[in-house]
Amino acid sequence: MAGVDVVGAGLGDLKALDDDGRGSHAHLTPTGHELMLEVLPDHIALVDHWLIGALGHEALDALLDGLRQVRDRVHPDAEVGGEGASA
């Protein structure tokens, strides 16, 4: 599947980082937000079925632990329960 030009399609925009002009944050436009609300339930159901449903409790815990280690390495100042975060 080819990538989607989110900005060109009017679904999002990019805003430069305040402290580093080399980077930017992506933001959804209202149209992009509406599309996400439309497609997200089916996407979550697929992930739940094919990934989460395929793993036992111990394997899922190991996956989550590994992902948290990556998060902590990439963003060492991340706080558990911070903005949109969980454990």
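I will try to describe carefully the structure that is included in this document. This is a predicted model, so every value here is computed, not measured. (Residues numbered from 1 in each chain as written. Predicted model: local features only at pLDDT ≥ 70, side-chain atom pairs only at ≥ 80, totals over all residues. Heavy atoms only, no water.)

1. Thoughts on the overall build of the protein
1) Next: When helices and strands are counted, the protein shows two helices and two strands.
2) Next: For the protein, the C-alpha radius of gyration of 17 Å lies well beyond 12 Å, the compact-globule estimate for 87 residues.
3) Next: Each of the three principal axes of the protein carries a C-alpha extent, and together these read 40 × 35 × 25 Å.
4) Next: Across the 87 residues in the protein, those meeting the buried criterion constitute 6%.
5) Next: Contacts in the protein between residues at least 24 apart in sequence constitute 2% of all its contacts with a sequence separation of at least 6.
6) Next: Here the protein has roughly 7,500 Å² of accessible surface; of this, 59% comes from carbon and sulfur atoms.
7) Next: In the protein, 5 side chains carry a positive charge and 16 a negative one; their mean positions are 8 Å apart. (Helix = DSSP H or I, 4+ residues; strand = E, 2+ residues; numbered from the N terminus. Rg over C-alpha atoms; globule rule 2.2 N^0.38 Å. Buried < 20%, exposed > 50% of the residue type's maximum accessible area, 1.4 Å probe, protein only. Contact = heavy atoms within 4.5 Å. Areas by Shrake-Rupley, 256 points an atom, 1.4 Å probe, with all protein chains shown as cover. Lys, Arg positive; Asp, Glu negative; His and termini not counted. Charge placed at Lys NZ, Arg CZ, Asp CG, Glu CD.)

2. Remarks on the environment of D61
1) Next: As for its position among the elements, D61 is in helix α2 (residues 57-74).
2) Next: For D61, a relative accessible area of 32% corresponds to the partly exposed category.
3) Next: Measuring from C-alpha to C-alpha, the distance between D61 and A45 comes to 19 Å, with 16 residues separating the pair along the chain.

3. What to know about the side chain of T29
1) Next: Examined against the element boundaries, T29 turns out to sit in the loop between β2 (24-28) and α1 (30-52).
2) Next: Looking at T29, the relative accessible area reads 17%, which means it is buried.
3) Next: Non-local contacts of T29, meaning those with residues more than four positions away in its chain, are made with G10, L11, G12 and D13.

4. Describing the pattern of salt bridges
1) Next: Summed over all chains, the structure comprises three salt bridges.
2) Next: As a salt-bridge pair, R22 and D20 come within 2.9 Å of each other at their nearest N and O atoms.
3) Next: Overall, the relative accessible area of 24% leaves D20 in the partly exposed class.
4) Next: Among the salt bridges present, the one from D72 reaches R71, with a minimum N-O distance of 3.0 Å.
5) Next: The class for R71 is partly exposed, based on a relative accessible area of 24%. (Salt bridge = Lys/Arg side-chain N within 4 Å of Asp/Glu carboxyl O.)

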